[in-house]
Amino acid sequence: PELGRLIETALREHPRVLAAEAELERERALARAASRPIFNPELELDVASSDTDDTLLRVTQTLDVAGVRGARGRAADARVGAGVEQLALTRRDLAVEVLSTLGAYWTANELAALAERRLELLQRVADIAEQRARVGDATQADVNLAYLARVQATMDGARAAADFAAAEMVLQALVSEPRGGWPGLPTELPRIDVDSAALRRLVTAVPEVRLRRLAVEVADADVALRERERRPAPSVRLVGGEEDDESLIGLGFSMPLNVRNRYTAEVDAARAER
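Residues numbered from 1 in each chain as written. Predicted model: local features only at pLDDT ≥ 70, side-chain atom pairs only at ≥ 80, totals over all residues. Heavy atoms only, no water.

With respect to the overall build of the protein chain
Broken down by element type, the protein chain carries seven helices and four strands. For 274 residues, the compact-globule estimate of 2.2 N^0.38 gives 19 Å, and the protein chain exceeds it by more than 25% at 37 Å. Across its three principal axes, the protein chain shows a C-alpha extent of roughly 135 × 50 × 40 Å. Counting every position in the protein chain, which comprises 274 residues, the buried fraction comes to 26%. (Helix = DSSP H or I, 4+ residues; strand = E, 2+ residues; numbered from the N terminus. Rg over C-alpha atoms; globule rule 2.2 N^0.38 Å. Buried < 20%, exposed > 50% of the residue type's maximum accessible area, 1.4 Å probe, protein only.)

Structure representation (structure tokens):
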């Protein structure tokens, strides 16, 4: 339970996760924007005063006959799905990093304890060698070797203590230390028996794999969007007013001509990206 709470704390507070959540919220906001109509109506008022007073009111609406709005919505929805998988991948990677760093912390702790124990033993050896040298049972060379071993053990202990402190600093940079101290890791992992079919299902559920599949879906949606954006968007216009003291009402229609720029390069770029 303590280990689970530590991971939950890391996933709740770490800036990497917060950034991925903010990116997902951004994609959701863009998806809401993409679902709205593309073209707003235009209102135009003309008043002319000369020999006659003319007043005209025009209302123009561009039509999305190519279905660009739907294509934009599908592309945005695909990006939202990719954002969900990216968030899951970020959370998974951070959890693995916390567990790995916690393992390195306990490993460094054990090594520091072993180095301290080794120093204690070699100190006893050096004391015994010095006592034996006093009574003539050991030479000065034996005493010097014992002292050298003790010095080496002291250096190794200092190095192990430094590695332990560094491992703790790395761990604290990832997640705040719990009140009860850092939790331990299980000494044995559970055995998992997975058949080939279950393994294939497991692989397809891995965030990296799902993210790559969604990337293709996003690219497909972008290609469809660029193809629809090539199609011209006509406009209809309703005109009403007075001209030469006579009432006027009329309809208008306009269609852009994609002659000088057929917008094929954008489609080619989207296909190449896919």
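A look at the packing of helix α3 (residues 68–134) against helix α6 (residues 207–229)
Orientation of α3 relative to α6, taken along the N-to-C sense of each, is 160 degrees, at an axis distance of 9 Å. Of the possible angle classes, the one that applies to α3 and α6 is roughly antiparallel. Regarding α3 and α6, the two cross each other, and that crossing is left-handed. Its residues assigned to classes, the contact of α3 with α6 comprises 13 nonpolar, two polar and 12 charged. (Axes fitted to C-alpha atoms, helices over the stretch in contact; angles between N-to-C directions. Parallel < 35°, antiparallel > 145°, perpendicular 65-115°, else oblique. Left-handed = near helix turned anticlockwise from the far one by under 90°. Nonpolar A, V, L, I, M, F, W, Y, C, P; charged D, E, K, R; others polar.)

Concerning a negative patch on the surface
A surface patch of negative charge is lined by Asp53, Glu242, Glu243, Asp244, Asp245 and Glu246. Locating Asp53 in the fold gives a position in strand β2 (residues 53–62). (Patch = residues over 30% accessible without salt bridge, like charges linked within 9 Å, V, L, I, M, F, W, Y side chains within 5 Å. Areas by Shrake-Rupley, 256 points an atom, 1.4 Å probe, with all protein chains shown as cover. Salt bridge = Lys/Arg side-chain N within 4 Å of Asp/Glu carboxyl O. Lys, Arg positive; Asp, Glu negative; His and termini not counted. Charge placed at Lys NZ, Arg CZ, Asp CG, Glu CD.)

A few points about the side chain of His14
Structurally, His14 can be placed in the loop between α1 (2–13) and α2 (15–34). In contact with His14, not counting residues within four places along its chain, are Leu94 and Leu174. (Contact = heavy atoms within 4.5 Å.)

Considerations on the pattern of salt bridges
Pairs can form between side chains of opposite charge whenever their charged atoms are close. Scanning the entire structure with this criterion turns up 18 salt bridges. Salt-bridge contacts for Asp46 lead to Arg58; the nearest nitrogen and oxygen are separated by 2.1 Å. Of the two residues, Asp46 sits in strand β1 (residues 42–49) while Arg58 sits in strand β2, which places them 12 residues apart along the sequence. Several salt bridges converge on common partners, so that one network encompasses Glu23, Arg26 and Glu27.

Observations concerning the packing of aromatic side chains
What describes a pair of aromatic rings is the distance from one ring centre to the other and the angle between the planes of the rings. Applying the stated criterion across every chain yields a total of three aromatic pairs. Plain terms: the ring middles of Tyr105 and Trp106 are 5.0 Å apart, the flat faces sit at 70 degrees to each other, and that makes the pair edge-to-face. The buried category is assigned to Tyr105, whose relative accessible area is 8%. Through pairs of rings, three or more aromatic residues link up here, namely Tyr105, Trp106, Phe164 and Trp182. (Phe/Tyr/Trp six-rings, centres within 6.5 Å; stacked < 30°, edge-to-face > 60°.)

Some details on the side chain of Asp54
Checked against the element boundaries, Asp54 lands in strand β2. Within the buried core, Asp54 has no salt-bridge partner, and the shortest N-O distance to an opposite charge, that of Arg58, equals 9.5 Å. If we skip the residues at most four places from it in the chain, Asp54 touches Asp46, Val47, Ala48, Glu242, Glu243 and Asp244.

Notes on the packing of α3 against helix α4 (residues 140–174)
Interaxial distance between α3 and α4 falls to 7 Å at its minimum, and their mutual angle equals 160 degrees. Between α3 and α4, the angle is such that the two are roughly antiparallel. Here the hand of the crossing between α3 and α4 comes out left-handed. Of the residues in the contact of α3 with α4, the class split is 27 nonpolar, six polar and eight charged.

Observations concerning the nonpolar core
Val98, Val175 and Trp182 are the most contacted members of the largest nonpolar core, which totals 27 residues. Mapped by element, the contributors of at least two residues to this core are α1, α2, α3 and α4. (Core = buried A, V, L, I, M, F, W, Y, C linked by side-chain atoms within 4.5 Å.)

Notes on α4
Helix length check: α4 (35 residues) gives 51 Å between terminal C-alpha atoms against 51 Å at 1.5 Å per residue, within 8%. For α4, the elements touching its buried residues are α2 and α3. (Expected span 1.5 Å × (residues − 1).)

Here's the deal with the pairing of strand β3 (residues 235–243)
Pairing analysis gives eight bridges linking β2 to β3, with the strands arranged antiparallel. For Leu56, the partnering residue across the bridge sits in β3 and is Gly241. Of the pairings in the sheet, the one linking β3 to strand β4 (residues 246–254) comprises nine bridges and is antiparallel in character. Among the inter-strand pairings, Arg237 is bridged to a residue of β4, identified as Gly252. Linking two consecutive strands that pair antiparallel, namely β3 and β4, is a turn of two residues; a positive phi of about 55 degrees is found at Asp244 within it. (Pairing = 2+ DSSP bridges.)

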